[in-house]
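Single-letter residue listing:
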Amino acid sequence: DTGVSQNPRHKITKRGQNVTFRCDPISEHNRLYWYRQTLGQGPEFLTYFQNEAQLEKSRLLSDRFSAERPKGSFSTLEIQRTEQGDSAMYLCASSLAGNSNQPQHFGDGTRLSIL
Amino acid sequence: GQNIDQPTEMTATEGAIVQINCTYQTSGFNGLFWYQQHAGEAPTFLSYNVLDGLEEKGRFSSFLSRSKGYSYLLLKELQMKDSASYLCAVKGNTPLVFGKGTRLSVIA
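**Student:** Got a minute to help me understand the pairing of strand S11 (residues 102–107) of chain B in this structure?
**Tutor:** Residues and elements named next belong to chain B. Residues Thr 102, Leu 104 and Val 106 point to one face of S11 and are all buried, whereas Arg 103, Ser 105 and Ile 107, pointing to the other face, are not buried. Examined bridge by bridge, strand S2 (residues 9–13) and S11 share five bridges and lie parallel to one another. The partner of Ala 12 across the bridge, within S11, is Val 106. Relative to S11, strand S9 (residues 84–90) runs antiparallel, the two being bridged by three bridges. The residue bridging Ser 85 from the neighbouring strand is Arg 103, located in S11.

**Student:** I'm lost on the layout of surface pockets in this one. Help?
**Tutor:** If a probe the size of a water molecule is rolled over the atoms, the empty space left behind becomes visible. Taken as a whole, the largest pocket encloses approximately 700 Å³ of empty space. Taken together, 24 residues form the lining of the largest pocket, with Glu 44, Phe 45 and Leu 60 of chain A together with Gln 2 and Val 97 of chain B sitting closest to its centre. Of all elements in the fold, only strand S4 (31–37), strand S5 (44–50) and strand S6 (53–57) of chain A together with strand S1 (3–5) and strand S10 (97–98) of chain B reach the threshold of two or more residues within the lining of the largest pocket. Per-element tally for the lining of the largest pocket: the top contributor is S1 of chain B, with three residues. A per-class count over the lining of the largest pocket returns eight nonpolar, nine polar and seven charged. Taken as a whole, the second largest pocket spans an internal volume of roughly 440 Å³. Lining the second largest pocket are 19 residues, and of these Gln 37, Leu 39 and Gly 40 of chain A together with Gln 37 and Ser 85 of chain B sit closest to its centre. The element that contributes the greatest number of residues to the lining of the second largest pocket is S9 of chain B, accounting for three residues.

Each value, and the rule that gives it
Residues numbered from 1 in each chain as written. Chains lettered and ligands numbered in written order. Predicted model: local features only at pLDDT ≥ 70, side-chain atom pairs only at ≥ 80, totals over all residues. Heavy atoms only, no water. Buried < 20%, exposed > 50% of the residue type's maximum accessible area, 1.4 Å probe, protein only. Helix = DSSP H or I, 4+ residues; strand = E, 2+ residues; numbered from the N terminus. Pairing = 2+ DSSP bridges. 1 Å grid on protein atoms, 1.4 Å probe; cavity = no way out; pocket = protein on both sides within 12 Å on 5 of 7 lines; lining within 4 Å. Points joined across faces, edges and corners; volume = space filled by probe spheres on them. Nonpolar A, V, L, I, M, F, W, Y, C, P; charged D, E, K, R; others polar.

Dropping the structure here:
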């Protein structure tokens, strides 16, 4: 049983560069979520997809952030012109659609450090 | 607005029982989740409550009172490996909203 997979695990880049992260959800899960987590905080919702449709984006999400899920399977999260404040753990989760009791299953995250 | 409150840190002794409280104010309510997160690892699902009352799952139990906007996670027979952050998350009319988490330290 393969869980949620995220790549890379770590990314260090200079301010102003673009970065892209990938998430492969659990294969039968049609919902995919992106979160950001900083030290001492809980995960903060960024956006989510049902199949290939992006259904919701956080109002806090800068337009430097974009996410895609072109074929309803893996997803990518791109951050353009990175800033120091973008340093965080970026978590991906997936779940089945349907009842609210479907738990989200998380990947190990991509830790982004902006120099 | 949406607000979830949990204690920041707790310490308990191996073999003991600990209760981690969570209070919430959200737009709508469609269930409350508890997750465990070890340092540097992914959150893992522990429990789900949508109706008032206690849900028991092995050493872990979770309680919900919707009228009070209150939940707790009860951990029995504490083990050293239970040292982790415990996240309360509420599903309202929007995707999950997480609290800041409670960092539990289990000491010998």
